[in-house]
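Below are the chains, spelled out letter by letter.
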Amino acid sequence: MLIWLLQRSEPTPHDNSGEQRPFRTGIMAELFSGFGHKVVWWTSTFDHYNRCQRYDHDCRIQVTENYSVQYLKGCGYKRNISLARINENVQIARKFAKIAKQEKLLPDIIVASMPTAELAYKAIRFAKPYGIPVVLDVRDLWPDFIYESVPTLLKPLARIGLSSLIRKTHWVFSNADAIISITDDLLDWGVSYAGRKREPHDCVFPMGYIKRKLSNKEKKIGNVFWESHNVGDNDGVLNVIFVGTLSSSFNLSEVIEAARLLEERCIPVRFVICGKGIQSSSLKKRCASLNNVIMPGWINDIQIRTLLDRAHIGLAPYIDSPSYIKSVPNKPAEYLSAGLSVATSLATGPLVKLIGKYQCGFQYMNNREILAEKLTECTNANDNMLKKTKRNALQVYESFLNGEKIYLDMISYLEKIVNTNKKLKITTSYSSN
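On a predicted model such as this, the values are computed, not experimentally measured, just so you know.

Help me out: how do you make sense of the pattern of salt bridges in this one?
Proximity of charged atoms lets side chains of opposite charge pair with each other. A complete count under the given rule lists 21 salt bridges for this structure. Salt-bridge contacts for Asp15 lead to Arg54; the nearest nitrogen and oxygen are separated by 2.6 Å. Here Arg54 lies in the loop between β4 (52–53) and β5 (59–64) and Asp15 lies in the loop between β1 (2–6) and α1 (24–34), a separation of 39 residues in the sequence. Each member of the pair, Asp15 as well as Arg54, carries the same accessibility label: buried. With a closest N to O distance of 2.8 Å, Arg286 and Glu257 form a salt bridge.

What is the right way to look at helix α5 (residues 155–175) in this model?
Two residues of an α-helix separated by three or four positions point the same way, owing to the 3.6 residues in each turn. Relative to the 30 Å expected for 21 residues at 1.5 Å per residue, α5 spans 28 Å between its end C-alpha atoms, a close match to the ideal helical length. Taken as a whole, α5 carries its principal kink of about 50 degrees at Ser163. Those residues of α5 not exposed but buried are Lys155, Ala158, Leu162, Leu165, Thr169, Val172 and Phe173. Tucked into the core, α5 has its buried residues touching β7 (109–114), α3 (117–127), β8 (134–138), α4 (144–149), β9 (178–181) and α6 (184–194).

I keep staring at the sheet that holds strand β14 (residues 313–316) and nothing clicks. Help me out?
For sheets, the rule is that strands pair by backbone hydrogen bonds, running either parallel or antiparallel. Taking strand neighbours across the sheet as the criterion, the 6 strands line up as β13-β12-β11-β14-β15-β16 in an open arrangement whose pairing is parallel. On the outer flanks of this sheet lie β13 (293–297) and β16 (361–363), each paired with one strand and no other. Each neighbouring strand pair of the sheet contributes to a mean axis angle of 20 degrees, computed without reference to strand direction. Both strand β15 (residues 341–344) and β16 contribute to a ladder of 3 bridges, which runs parallel. Bridge pairing in β16 places Ala343 opposite Phe362. Where helix α12 (residues 330–337) meets the sheet, its contacts fall on β11 (238–243), β14 and β15, and the angle it forms with β11 comes to roughly 145 degrees. Relative to the sheet, helix α14 (residues 368–380) contacts β11, β12 (269–274), β14 and β16, its axis offset from that of β16 by approximately 160 degrees.

I would appreciate a short explanation of unusual backbone geometry in the present structure.
Negative phi characterises most residues that are not glycine, and trans characterises most peptide bonds. The amide bond that connects Pro115 to the next residue, Thr116, takes the cis arrangement and shows omega of 15 degrees. Position of Thr116 among the secondary structure elements: in the loop between β7 and α3. Residue Pro143 is reached from Trp142 by a cis peptide bond, and omega for that bond is 15 degrees. Checked against the element boundaries, Pro143 lands in the loop between β8 and α4. Residues other than glycine seldom take positive phi values, yet Asn230 does so here, at roughly 60 degrees. Secondary-structure assignment places Asn230 in the loop between α7 (216–228) and β11. Even without glycine at this site, Asn366 takes up a positive phi of about 55 degrees. Along the chain, Asn366 falls in the loop between β16 and α14.

Procedures and definitions
- Residues numbered from 1 in each chain as written.
- Predicted model: local features only at pLDDT ≥ 70, side-chain atom pairs only at ≥ 80, totals over all residues.
- Heavy atoms only, no water.
- Salt bridge = Lys/Arg side-chain N within 4 Å of Asp/Glu carboxyl O.
- Helix = DSSP H or I, 4+ residues; strand = E, 2+ residues; numbered from the N terminus.
- Buried < 20%, exposed > 50% of the residue type's maximum accessible area, 1.4 Å probe, protein only.
- Expected span 1.5 Å × (residues − 1).
- Bend = angle between axes of the 7 residues up to and from the residue.
- Contact = heavy atoms within 4.5 Å.
- Pairing = 2+ DSSP bridges.
- Axes fitted to C-alpha atoms, helices over the stretch in contact; angles between N-to-C directions.

Dropping the structure here:
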């Protein structure tokens, strides 16, 4: 098969000097191409996470023999929710429509991430005349997320301003051939936008994570890095980590204040907050006087894996937004893959249900006191209890979030859609004679 993947904001294999770990679309591209399928990933030249332009023009870069990335020149933006970002979404969609028409080889199937509706809209309009199936992959509640983020007084204006985008989102879901998502809640949201009930081809494929085994040399490099940052291993201190973008999507303020409480109480807990983003400067200032918080900045895949090996608890400090409440993002899957307990700020949703049912984490409702108390309890837990929690975490990962299993199932799913579509084309052609 030739598969087109449409996702304009994930990190690509060319980011951070090629050391960027792949997210959902990147993993899909690697696995699909590894199984012999041809993959073209369409994305923006603008790096969403590093806030910079990768290239100053449209270009296609080969990753492997079967896998390439088509970069579409966009204007970029400074804020996630802004007119500039919406403008870039429109630009990327138009660029896609223009370049797609020039392609010599048509795809067998298109998988378009939601967001964005603009890009998915152009994909469906392109695909329909050729009978190419388009599958929507729902990641979050965009554009609803924009409306929820606007202050109450401005919501009436926001509703008017978003009306065109909302209509387009309804059209996209109504005209897609299938809808998939990372959770049941998000899938139901997408199906509701389509104005119908779930159908057999509407499926959930969780945000899986693929563990990569490190060589002894890589382990040594990673361990030296963490020792140089005074992040000990089995030194009697509870290692609590966050690995991700320091964006407004996360409430790390309460985490810093919980660290302050624990230091005042002489509780042996060490916080390692990794990444960079708009919160970097303010967070560094707030924890400058704390000895139990370490901020090494952005870290590569080797450093992440070796940090996971010496950590005990992974933080999922999401803001209280429907997009996160209804989701199980990649971060918890990454933590669970290493046997870490997940500490989430959320009060409800599929992630809370998952860690509660299988006893592999806890919730703290974005409250510094609760987080400090829960971590104190963890330092007081005996070895058997910590080992049991680790076993539970690993079991949850293997049963529900193992990326190799999830994306193999997705390949089979897409192959089935393509084969069914080909049979329909044959039947239609035969019937018309």
